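Listed below, chain by chain, are the residues.
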Amino acid sequence: MKLLFGYESSKDRWITLKQIFIFDLPKSGINKMLRTHTCGELRLDHVNQKVTLAGWVQRVRNKGGLIWVDLRDRYGVTQLIFEEGSTDKSLLEKAAQLGREFVVQAVGVVIERTSKNDKLPTGAIEIKAEELTVLNPAKVPPFIIEDETDGGDDLRMKYRYLDLRRNVVREKLQLRHRMMQETRKYMDGQNFIEVETPVLIKSTPEGARDFVVPSRVNPGEFYALPQSPQTFKQLLMVSGFDRYFQIVKCFRDEDLRADRQPEFTQIDCEMAFVTQEDILNTFEGLIKHLFSAVKGIELGYVEHMTYADAMKGYGNDKPDLRFDMKFVELDHLAKGKGFSIFDQAELIVGICAKGAAEYTRKQIDELTEWVKRPQIGAKGLVYVRYNADGTLKSSVDKFYSSEDLTFWAQAFGAQPGDLMLVLSGEAKTVRKQLSELRLKMGEDLGLRDRNVFKPLWVVDFPLLEWDEETQRFHAMHHPFTSPKREDIPLLETDPGAVRANAYDLVINGVEIGGGSIRIHDRATQQLMFTHLGFSDEEAQKQFGFLMEAFEYGAPPHGGIAFGFDRLCAIFGGSDSIRDYIAFPKNNSGRDVMIDSPSTIADAQLEELSIRVALKK
Ligand code: ASP
């Protein structure tokens, strides 16, 4: 028994409020009403105990006078046995009528199995059933609810609640749960305060379209759902909160891909009175904590790389560092030898695939076709094979002597047995193409091991990015990111060259987080909006509140946000974030289970003062 006290302020004394009785919970922590144990709990130690289990019928095997039922719940599977002779006949008949996914309760005695199943934690025992109650029958499920299922994606999404019964699916959400708990534990330990910010807001420019919600009481006006809580977390810094975090839903109306969902979750963070280094250290700490607590992996040193180096060395601002294959530029060695394609190219650049000299002619032709596909868009592929006997064989032997190729090999640091692959063209394009080829080679050579984790901070991103479509500069991160002080003069002369105090955390070639040190004064923020093409009125209308807040004592601040679903997918060794979301949407942004989005009733439209006139 425990007493709960309360303070009675009028009498300035403590009084007893309540007496709480604390019962000993069963070991499994479940209540004792419908079951005594879970289906994952019983072992040889329990033999001869009378138990009550409840769960779903996973499978029934009926051998006439002998029936086995696999009973499943969240914790595991336990085998029930109904045997003619020792079980009364009506019980046997009842068991024979069970179907897949019936919800049942069974009472029986734990016995040792004659043939044990060492793949199942409960495989040494079974329950000799004495009573059976069908708590709820079930229709035949549309797919088999086991680890290996016959259900296709669409069907499983329509019946996601059944899909979630499968171990392999549930385990992913359990991983997510653990990640969430460990995140909160770490952040709380670092003095961060979790603050909820509103969901009905106005647009935050994070580069995507907004989802909007009509306001009934303000006809003709709309809220936007947050693409992130960016401006709110900055305002919390102005409020003096100092260290904020939130595990928060964000909404972006973008084209969907396997690793994108219209609503997704971020670990959103902001800190005041910090340098970029402080932020990187704090969140390197978070990632290290998660790896250690959730996966038992101690991450080592986290490399830092500038955006410029990442682009030059890997053609990518999120390089996969599980393997090397760094770009080698060959202009000085390959130009001026009569090969006009190289002579005319802005850049000649290649990679060295270790141990791939054994690629056959056919495999190399396939690689050539692969880089020529429209998705990659290269014109061709030059290869140099460094044979095991030390000779060099290339697809451009006509133009390059073996001495020339030896210089190439030296530049690549190649050894006999290696294969060098070279592309050429316009610098930006060719780097992008080679980056794709590098990833493919890494994949083909088995160098992208899902159990190896290589985190990396990419720093010094450009502040602005030229957008061909709109013919103007966009903020590469977002408009609240501060330029590097020494680059501010370049804003007038060469805006594309201005670097930002912005950084991304990349793991295994996947961007899992990004942030920046923010602008915290009105003048710089206004200058930034001007460079982004906002008129003063537009900037004032959309972000006047933030600029005004900066005039009331805004501390220097910065932050970061992690894509939580993606982080879970990386931890789980999967490419798809969808698996880590309980009720995800499909590729058309549709929830096929609840059938949403959907039309709404005329009365609802009326209330909202909205008339729908779809454009043809
Ligand atoms: N709000 C940013 C994002 O969602 C992250 C940040 O700058 O903190 O990408």
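Residues numbered from 1 in each chain as written. Predicted model: local features only at pLDDT ≥ 70, side-chain atom pairs only at ≥ 80, totals over all residues. Heavy atoms only, no water.

## A closer look at the sheet that holds strand β7 (residues 125-136)
So, step 1. Around the barrel, five strands lie side by side as β3-β4-β5-β7-β6; this closed barrel has mixed pairing. Averaged over all neighbouring strand pairs, the angle between strand axes comes to 55°, with direction disregarded.
So, step 2. Taken together, the six bridges between strand β3 (residues 50-62) and strand β4 (residues 66-73) define a ladder with antiparallel strand orientation. Within the sheet, the bridge partner assigned to R61 lies in β4 and is W68.
So, step 3. Seen against the sheet, helix α1 (residues 89-96) touches β3, β4, β5 (76-83) and β7 and runs at an angle of roughly 70° to β7. (Pairing = 2+ DSSP bridges. Helix = DSSP H or I, 4+ residues; strand = E, 2+ residues; numbered from the N terminus. Axes fitted to C-alpha atoms, helices over the stretch in contact; angles between N-to-C directions. Contact = heavy atoms within 4.5 Å.)

## Comments concerning helix α6 (residues 276-295)
So, step 1. Its 20 residues give α6 an end-to-end C-alpha distance of 28 Å, which sits within 8% of 28 Å, the value for a rise of 1.5 Å per residue.
So, step 2. Within α6 the residues assigned to the buried category are Q276, I279, L280, T282, F283, E284, G285, L286, I287, L290, F291 and V294.
So, step 3. Directly after α6, the chain includes G296, whose backbone phi takes a positive value near 65°. (Expected span 1.5 Å × (residues − 1). Buried < 20%, exposed > 50% of the residue type's maximum accessible area, 1.4 Å probe, protein only.)

## Brief notes about the UniProt feature "binding site: ATP" (unreviewed entry) in the protein chain
So, step 1. When the UniProt feature table is mapped onto this chain numbering, "binding site: ATP" (unreviewed entry) sits at R252, D253, E254, Q261, E511, G563, F564, D565 and R566.
So, step 2. Tracing the backbone shows R252 in the loop between β11 (243-251) and β12 (263-272).
So, step 3. Not counting the four nearest positions on each side in its chain, R252 is found in contact with E206, A208, R209, F211, Q227, S228, P262, F264 and Q266.
So, step 4. Side-chain polar atoms of R252 contact the backbone oxygen of Q227, separated by 2.9 Å.
So, step 5. Structurally, E511 is set in strand β23 (residues 510-517).
So, step 6. Here E511 falls in the partly exposed class, since its relative accessible area comes to 32%. (UniProt positions renumbered as here; feature names shortened; annotations may be inferred. Polar contact = N/O pair within 3.5 Å; in protein donor to acceptor, adjacent residues only side chain to side chain.)

## A closer look at the pattern of salt bridges
So, step 1. Under the defined criterion, the tally for this structure stands at 41 salt bridges.
So, step 2. Of the charged contacts, one joins D163 and R166 as a salt bridge, the two residues approaching to 2.8 Å between their closest N and O atoms. R166 matches D163 in its accessibility class, with the two residues each being buried.
So, step 3. Of the charged contacts, one joins E263 and K249 as a salt bridge, the two residues approaching to 2.9 Å between their closest N and O atoms. One end of the pair, E263, is in strand β12; the other, K249, is in strand β11, and 14 residues separate them in sequence.
So, step 4. What makes E263 partly exposed here is its relative accessible area of 24%.
So, step 5. A single salt-bridge network, built from bridges that share partners, covers D153, R156, R160, D163 and R166. (Salt bridge = Lys/Arg side-chain N within 4 Å of Asp/Glu carboxyl O.)

## Let's talk about the packing of aromatic side chains
So, step 1. Taken as a whole and assessed by the stated rule, the structure comprises 19 aromatic pairs.
So, step 2. Both rings, one in F283 and one in F562, keep their centres 5.9 Å apart while their planes meet at 50°; by these two values the pair is tilted. Separated by 279 residues along the polypeptide, F283 in helix α6 and F562 in strand β24 (residues 557-563) bring together distant segments of the chain. The same class applies to F283 and to F562, which are both buried.
So, step 3. Aromatic ring contacts, followed pair by pair, group F339, F342, F399, Y400 and W408 into a single cluster.
So, step 4. Residue placement shows R438 over the ring face of F323; its charged tip is 4.1 Å from the ring centre. (Phe/Tyr/Trp six-rings, centres within 6.5 Å; stacked < 30°, edge-to-face > 60°. Lys NZ or Arg CZ within 6 Å of the ring centre and 35° of its normal.)

## Some remarks on helix α11 (residues 402-412)
So, step 1. Buried within α11 are the following residues: D404, L405, W408, A409 and F412. With its buried residues spanning 140° around the axis, α11 presents them on a single face. In α11, the exposed residues that point more than 90 degrees away from the buried face are E403 and Q410. (Arc of directions from axis to C-beta.)

## Remarks on the site of the ligand
So, step 1. Around the ligand there are 14 residues in total, and Q230, K233, Q266, H477 and R518 lie nearest to it.
So, step 2. Within the side chain of K233, a nitrogen or oxygen atom sits 2.6 Å from an oxygen atom of the ligand.
So, step 3. Coverage of the ligand by the protein amounts to 92% of the 270 Å² it exposes when considered alone.
So, step 4. Counting only elements with at least two residues in the shell around the ligand, the list comes to α5 (230-238), β23 and β24.
So, step 5. Partitioned by chemical class, the residues of the shell around the ligand number two nonpolar, eight polar and four charged. (Near = heavy atom within 4 Å. Areas by Shrake-Rupley, 256 points an atom, 1.4 Å probe, with all protein chains shown as cover. Nonpolar A, V, L, I, M, F, W, Y, C, P; charged D, E, K, R; others polar.)

## Considerations on the environment of N218
So, step 1. Structurally, the position occupied by N218 is in the loop between β9 (212-214) and β10 (222-224).
So, step 2. Relative accessible area serves as the criterion here: at 32%, N218 is assigned to the partly exposed category.
So, step 3. For the pair N218 and L608, spaced 390 residues apart in sequence, the C-alpha to C-alpha distance is 8.6 Å.

## Remarks on the pairing of β5
So, step 1. The element β5 is largely enclosed, with a buried count of seven among its eight residues.
So, step 2. Here β4 runs beside β5; their pairing, made up of eight bridges, is antiparallel. Paired with R72 across the bridge in β5 is V77.
So, step 3. Here β4 folds back onto β5 in antiparallel fashion, the turn holding two residues.

## Here's the deal with the side chain of Q234
So, step 1. If you trace the backbone, Q234 turns up in helix α5.
So, step 2. The class of Q234 is buried, set by a relative accessible area of 0%.
So, step 3. Excluding anything up to four places from it in sequence, Q234 contacts E270, F480, R518, I519, L546, F550 and H557.

## Notes on the nonpolar core
So, step 1. In this structure, F283, I287, W457 and F562 are the most contacted members of the largest nonpolar core, which totals 40 residues.
So, step 2. When residues in this core are grouped by element, the largest group, eight residues, is from α6.
So, step 3. Not counting residues within four places of it along the chain, the set of residues in contact with I287 comprises L299, L505, I507, I512, F562 and L567.
So, step 4. Core analysis: the next-biggest nonpolar cluster, separate from the first, contains 26 residues, F327, I364, L419 and M441 among them. (Core = buried A, V, L, I, M, F, W, Y, C linked by side-chain atoms within 4.5 Å.)

## Focus on the domain arrangement of the protein chain
The figure often quoted for interface size is the accessible area lost as the parts come together.
So, step 1. What the domain assignment reports for the protein chain is domain 1 (44-136), domain 2 (304-319 + 450-554) and domain 3 (323-445).
So, step 2. Domain 1 and domain 3 are separated by 63 Å when their C-alpha centres are compared. (Domains from an automatic or database assignment.)

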